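# Coordinates in review
These are the residues of each chain, in order.
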Amino acid sequence: MKLYCLSGHPTLPCNVLKFKSTTIMLDCGLDTTSVLNFLPLPLVHSPRLSKLPGWVSKDGTVNLEKELKECAGRVFVDSQPEFCLPERELLDLSTVDVILISNYHCMMALPYITERTGFTGTVYATEPTLQIGRLLMEELVNFMERVPKAQSATCWKNKEIQRMLPGPLKDAVEVWTWKRSYSMQEVNSALSKVQLVGYSQKVELFGAVQVSPLSSGYSLGSSNWIIQSHHEKVSYVSGSSLLTTHPQPMDQSSLKNSDVLILTGLTQMPTANPDGMLGEFCSNLAMTIRAGGNVLVPCYSSGVIYDLLECLYQFIDSANLGTTPFYFISPVANSSLEFSQIFAEWLCHNKQSKVYLPEPPFPHAELIQTNKLKHYPSIHGDFSTDFRQPCVVFTGHPSLRFGDVVHFMELWGKSGLNTIIFTEPDFSYLDALAPYQPLAMKCVYCPIDTRLNFHQVSKLLKEVQPLHVVCPEQYTQPPLTQSHRSDLMLELQPPPMPYRRCSVLNLPFRRRYERVYILPELANSLVPSEIKPGISLATVSAVLHSKDNKHTLQSVPKPPPVAPSKKRKRVIEEPPVVLAPKPLLSGAVPLDAFLSTLQKHGITEVKVEETADGHILHLQAEDTLIQLEEDGTHIVCDNNEPLRTTLRDLVLRFLQKL
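Residues numbered from 1 in each chain as written. Predicted model: local features only at pLDDT ≥ 70, side-chain atom pairs only at ≥ 80, totals over all residues. Heavy atoms only, no water.

Reading across the sheet, the six strands line up as β17-β16-β18-β15-β19-β20 and stay open at both edges, with parallel pairing between neighbours. Edge positions in the sheet fall to β17 (373–376) and β20 (442–445), since each of these pairs with one other strand and no more. Along the sheet, successive strands turn relative to each other by an average axial angle of 20°, direction set aside. Pairing analysis gives four bridges linking strand β16 (residues 326–329) to strand β18 (residues 392–395), with the strands arranged parallel. The residue bridging Y327 from the neighbouring strand is V393, located in β18. In this fold helix α7 (residues 304–315) packs onto β15 (295–298), β16, β17 and β18, with an angle of close to 165° to the strand it touches most, β18. Across the sheet, helix α12 (residues 405–412) touches β15, β16, β18 and β19 (419–422), and the angle it forms with β15 is around 150°. (Pairing = 2+ DSSP bridges. Helix = DSSP H or I, 4+ residues; strand = E, 2+ residues; numbered from the N terminus. Axes fitted to C-alpha atoms, helices over the stretch in contact; angles between N-to-C directions. Contact = heavy atoms within 4.5 Å.)

On to the environment of S21, then. In this structure, S21 sits in the loop between β2 (15–19) and β3 (22–26). For S21, a relative accessible area of 61% translates into the label exposed. Each C-alpha atom of the pair S21 and D97 lies 9.9 Å from the other, and the pair is 76 residues apart in sequence. Excluding its chain neighbours within four sequence positions, the residues that come into contact with S21 are D97, A208 and N549. (Buried < 20%, exposed > 50% of the residue type's maximum accessible area, 1.4 Å probe, protein only.)

With that settled, the discussion passes to the packing of helix α6 (residues 274–290) against α7. In contact at an axis separation of 11 Å, α6 and α7 are set at 60° when each is read in the N-to-C sense. One finds that α6 runs oblique with respect to α7. Note that α6 runs across α7; the crossing there is right-handed. Listed contacts from α7 to L278, F281, C282, S283, L285 and A286 of α6 are L308, C311, L312 and F315. The residue makeup of the contact of α6 with α7, split by class, is nine nonpolar, one polar and no charged. (Parallel < 35°, antiparallel > 145°, perpendicular 65-115°, else oblique. Left-handed = near helix turned anticlockwise from the far one by under 90°. Nonpolar A, V, L, I, M, F, W, Y, C, P; charged D, E, K, R; others polar.)

Structure representation (structure tokens):
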């Protein structure tokens, strides 16, 4: 059993498991942190960005003024943002049979894999994962296509030139594998390969293994996966949460008795408590509005935003924010808010019960009805006529490199009254803000990550007790910035097996058994003999029939009768004779009893030598050796057939024939 690791990002995994002749891809996350190296894409022409100076090396030998721009001491690529894809050279991705998706954030690289590698398999995901994943992909394509860039910067990727660039561009890895966004046509084609599954539904793969999704408690429709055969079980835990937020709670008990547990997608903010961060979010928002400023919340169009809106719903009246407008701007804002209300069976019990009242499970429905929350596809059109300040704007993309958020950064960045509140943990806020410096607006960092922290995961692993744990190497050592914090890493016995991008792990358990079925008529013909009290054995001669990884023992077919031919043949062809199999022998030859039997038969000069596997008896007068071993007996005798036969019969007295 092998695990190929195609992504180095612990929360955006992409692994391939080879298990019992099937090749299974576990998630295909897209590492979007690479976009932080690019200049933002403004929706409206930005004089500030267009006037940034080009970069020239200090000695003047390298001039990349057209490709690289300098801003506040940092260098950015002036080109369409590109993404770091999962590794494609480690194995032939066209051989992947199935892709299992755990949540909508971990499927953003799907079109690159299904449309550009010759993939012909099936993708399995839950319905909310598919629908919200579609929205996030659609939004990404929309952000890119509405601000097209004519030039494509490639010279800076040359190894010799990259080595001379200032950091962090100098340290960017795998830059030649970075690719521009896919098209909407590729998105639709990729998602047409998705087959929907429900929690605990068992899906048979080629008769070899069964896969089944379990609720992971992190987002709508998010799953952990069980991959099992008759005798082995692998659990894949990715992006799970034990906190009571809007999704169905995590199913922990089904993870028990795993031979291997592959662990990814732990919290990126192990020291930040989500409840404390929500409180900080609300208080900073209220403070800014009261002072007459605007609040900008860069966020994804699904996920944490549902919890933020719910938190604000409870907070608005007590903080006297009843008249402040809230705007949610995204090409898919309307669909996202509607989808969250219709996936009732994927919600926690408390929200499910509201559906039968009938009430909307999320309070943002009421915020929309009372006109406190308004949603728009972009800043153009209706929004520009309805827009009034001070206000709160939720919009994407959290990297601040594309989407409507770029416009608000340019609009509000120069005033100290305004505040930007970061709630998504995927990007370093300092790196996100770098191309907008110098900045006057206040910045608040309240990352809300509900995924498992190290304390919760240690407790979970103690309960489910897998034999082996596999995880990204980042989890086996403390964070670089807090090297003294041994509580921010996984300490297990036996230690977990770490992986990094491009590593291939041989998973440490061997398949020892295979299930074989026996046909009733063959079973009926068996004659068991008792070899020990309570243990019976029967020999079987059969034909092993294997198809679709199912093995069946069938009776040996009888030779067909020879049809009488019209022409007389001189030689009648005899059907081949099926010989009866030799009887099998079981038991052991006890040394002392065997020596006394030899003595009775006149063999007295016996020299006994002990070996690692048993004993060697040297019959000196007869010049014969008898090797007594645990699983066999050998008689070595030259040109004395009567003696060999006698000795064989004496050995057989101690053994049982089957």
